[in-house]
Amino acid sequence: MTEATNLIIPVTTENFEAEVLNSELPVLLDYWAEWCGPCKMMMPAFEAVAADYAGKIKFCKLNIDTDSGIAARYNVRGIPTLMLFKDGNPEDARTGAQSKSQLVAMIDSAL
């Protein structure tokens with residue numbers, strides 16, 4: 001596990017409200033699955049951005065295979081889907097693997 005991996009909080013049905021909806025910081029939530037190739041491709045960029053923005057934004061991952069209810073509630077139709085929450089509300093969402101520069105642009109628009 002890299003240091004950046006430790007900055008990314010696994011989210012489940014049990015901690016979704018506390019980690020995402022009630023977060024003081026904006027939250028970038030990555031909906032992913034083990035079998036998803038594009039999810040794995042995007043992981044290094046997600047980890048790099050998590051390290052760059054530590055303390056300014058919270059980074060979370062939700063495995064749709066183990067917690068599909070949350071994905072369904074937010075109409076996630078494909079993965080990876082990145083959803084930016086601010087004050088408990090989804091402000092922005094993008095589906096498909098994002099580059100580091102795309103992630104930075106998404107985050108900067110929320111800060």
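To keep things clear, this report deals only with the structure shown in the data block. Residue positions are counted from 1 within each chain, in the order its sequence is given. Whole-chain, interface and lining totals are the exception, using all residues; otherwise, since this is a predicted model, local features are given only for residues with pLDDT of at least 70 and side-chain atom pairs are given and counted only at 80 or more. Heavy atoms from the whole structure form the basis of all side-chain values; hydrogens and water molecules are not counted.

**Overview of the sheet that holds strand S4 (residues 81-86)**
Link 1 in the chain: When DSSP finds two or more bridges between two strands, those strands count as paired. Labels follow the DSSP assignment, with helices taken as runs of H or I lasting at least four residues and strands as runs of E lasting at least two, numbered in each case from the N terminus. The mixed open sheet is built from five strands, whose spatial order is S1-S3-S2-S4-S5. Lying at the two open borders of the sheet, with one neighbouring strand each, are strand S1 (8-11) and strand S5 (89-95). Within this sheet the neighbouring strands show an average axis-to-axis angle of 25°, counted without direction.
Link 2 in the chain: Sheet topology note: the strand S2 (residues 27-32)/strand S3 (residues 58-63) ladder contains six bridges and is parallel. Residue pairing in the sheet places Val27 in a bridge with Lys58 of S3.
Link 3 in the chain: We call two residues contacting when some pair of their heavy atoms lies within 4.5 Å. In this analysis, axes come from line fits to C-alpha atoms, helices being fitted only over the stretch in contact, and the angle between any two N-to-C directions falls in the range 0 to 180 degrees. Sitting on the sheet, helix H3 (residues 37-52) touches S1, S2, S3 and S4, and the angle it makes with S3 is about 160°.

**Looking at helix H5 (residues 100-108)**
Link 1 in the chain: Within H5, burial applies to Leu103, Met106 and Ile107. Along the axis of H5, the buried residues cluster in a sector spanning 95°; they form a single face.
Link 2 in the chain: Where the residues of H5 are buried, they touch S2, H3, S3, S4 and S5. When a residue's accessible area, from a 1.4 Å probe over protein chains only, is under 20% of the maximum for its type it is buried; when over 50% it is exposed; and in between it is partly exposed. By construction, the arc corresponds to the directions joining the helix axis to the C-beta atoms.

Just distances and angles here, no functional claims.
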